[in-house]
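Understanding the architecture of this molecule
Below, each chain spelled out in residue letters.
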Amino acid sequence: MELDQAIRGRRSIRKYTDRDVEDDKIKALLEAAYWAPRVNERWVFIVVRDPETKKVLSRYDAESGRTQPHVANAPVDIVVCTDLRGASERDRRLYAMQEASAAIQNILLKAYDLGLGSCWNGSFDDDAVKNVLGLPEGVEPIAIISLGYPAESGRGIRRKKLEEIVHWERWGNRRPF
Ligand SMILES: Cc1cc2nc3c(=O)[nH]c(=O)nc-3n(C[C@H](O)[C@H](O)[C@H](O)COP(=O)(O)O)c2cc1C
């Protein structure tokens, strides 16, 4: 797929068919993550197919027990974690999150390229996720990527205009393209 088509055409997909995602496609997604820009490779990827585990991943409010159903209903979730054991202050605050985010974006684009639908989910119950996945102390979940063959085309979300988010040379200097 042409790069611009992938960047512009990808949408968050939250409805999936029952078709399972083949292991070789999951491997291709993880290889895409692997080739993202990296600092210390603190990233860790946990592939989850187990329905009970996915139910826990789908919870985002410990008190009310509210869930994001698409996380439970996706055939596969990839939980992106970062291993902060021994990390420097800058690593914790910036690098670990940035390299993980680069990997996540690679996974989303590759998924679209492979005909899969995906959604980046940042809303989840941290403690429940750590517990159900058996994460060691210091390993933090960052995002859950829900994946499957798409059963919707995704909705376009209104975005700010490019001019609204770009400053030239210094804060406040705006100009039209
Ligand atoms: C850091 C981050 C966290 C997100 N968390 C969630 C989430 O918890 N649940 C969800 O359905 N979508 C989540 N999204 C997806 C956004 O809602 C989505 O990207 C946005 O609405 C734009 O739509 P698009 O991806 O189709 O372009 C998240 C996206 C980012 C970047």
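Here, the structure is the one placed above.
It should be emphasised that the depicted structure is a prediction, and the values quoted were computed from it without experimental measurement. (Residues numbered from 1 in each chain as written. Predicted model: local features only at pLDDT ≥ 70, side-chain atom pairs only at ≥ 80, totals over all residues. Heavy atoms only, no water.)

Below, the discussion takes up the site of the ligand. Within the structure, the ligand sits among 13 residues, and S12, R14, Q68, W120 and R159 are positioned closest to it. Between S12 and the ligand, the recorded distance is 2.6 Å, taken from a side-chain N or O atom to an oxygen atom. Note that an oxygen atom of the ligand is positioned 2.7 Å from one of the side-chain N or O atoms of R159. In the complex, the protein chains occlude 67% of the 630 Å² of accessible area that the ligand would expose alone. Take the shell around the ligand: its biggest share by element is 3 residues, from strand β5 (residues 117-121). Among the residues forming the shell around the ligand, the class breakdown is 3 nonpolar, 6 polar and 4 charged. (Near = heavy atom within 4 Å. Polar contact = N/O pair within 3.5 Å; in protein donor to acceptor, adjacent residues only side chain to side chain. Areas by Shrake-Rupley, 256 points an atom, 1.4 Å probe, with all protein chains shown as cover. Helix = DSSP H or I, 4+ residues; strand = E, 2+ residues; numbered from the N terminus. Nonpolar A, V, L, I, M, F, W, Y, C, P; charged D, E, K, R; others polar.)

To continue, consider the packing of helix α3 (residues 51-58) against helix α6 (residues 126-133). Angle between the axes and distance between the axes are the two parameters that describe a pair of packed helices. For the pair α3 and α6, the least separation of the axes is 8 Å and the interaxial angle reads 160 degrees. What the angle tells us is that α3 and α6 run roughly antiparallel. Viewed along their axes, α3 and α6 form a crossing whose handedness is left-handed. Residues T53, V56 and L57 of α3 form the contact with α6, whose own contacting residues are A128, V129, V132 and L133. (Axes fitted to C-alpha atoms, helices over the stretch in contact; angles between N-to-C directions. Parallel < 35°, antiparallel > 145°, perpendicular 65-115°, else oblique. Left-handed = near helix turned anticlockwise from the far one by under 90°. Contact = heavy atoms within 4.5 Å.)

On to a nonpolar patch on the surface. A surface patch of nonpolar side chains, about 340 Å² in accessible area, is lined by L162, I165 and F177. Inspection of the secondary structure assignment puts I165 in helix α7 (residues 162-165). (Patch = residues over 30% accessible without salt bridge, like charges linked within 9 Å, V, L, I, M, F, W, Y side chains within 5 Å. Salt bridge = Lys/Arg side-chain N within 4 Å of Asp/Glu carboxyl O.)

Moving on to the side chain of H70. Residue placement: H70 occurs in helix α4 (residues 69-73). Of the polar contacts made by the side chain of H70, one reaches the side chain of N121; its length is 2.7 Å. Those residues in contact with H70 that lie beyond four places of it in its chain are R14, Y16, C119, N121 and S146.

The phi angle of most residues is negative, glycine excepted, and most peptide bonds adopt the trans form. Here the phi dihedral of E41 falls at roughly 50 degrees; this positive angle occurs in a residue that is not glycine. Of note, E41 is situated in the loop between α2 (23-34) and β1 (43-48). In this structure, E169 takes a positive phi of about 70 degrees despite not being glycine. Within the element layout of this structure, E169 appears in the segment after α7. Take E169: its relative accessible area is 80%, and that puts it in the exposed class. (Buried < 20%, exposed > 50% of the residue type's maximum accessible area, 1.4 Å probe, protein only.)

On to the packing of aromatic side chains. The full count for this structure, using the stated rule, is 3 aromatic pairs. Note on W43 and F45: the rings are 6.1 Å apart at their centroids and 45 degrees apart in plane angle, and the pair reads as tilted. Overall, F45 belongs to the partly exposed group, its relative accessible area being 23%. When the ring centre of Y149 is taken as origin, the NZ or CZ atom of R19, which lies over that ring, is 3.7 Å away. Note that R175 overlies the ring of W168, its terminal NZ or CZ placed 3.9 Å from the centroid. (Phe/Tyr/Trp six-rings, centres within 6.5 Å; stacked < 30°, edge-to-face > 60°. Lys NZ or Arg CZ within 6 Å of the ring centre and 35° of its normal.)

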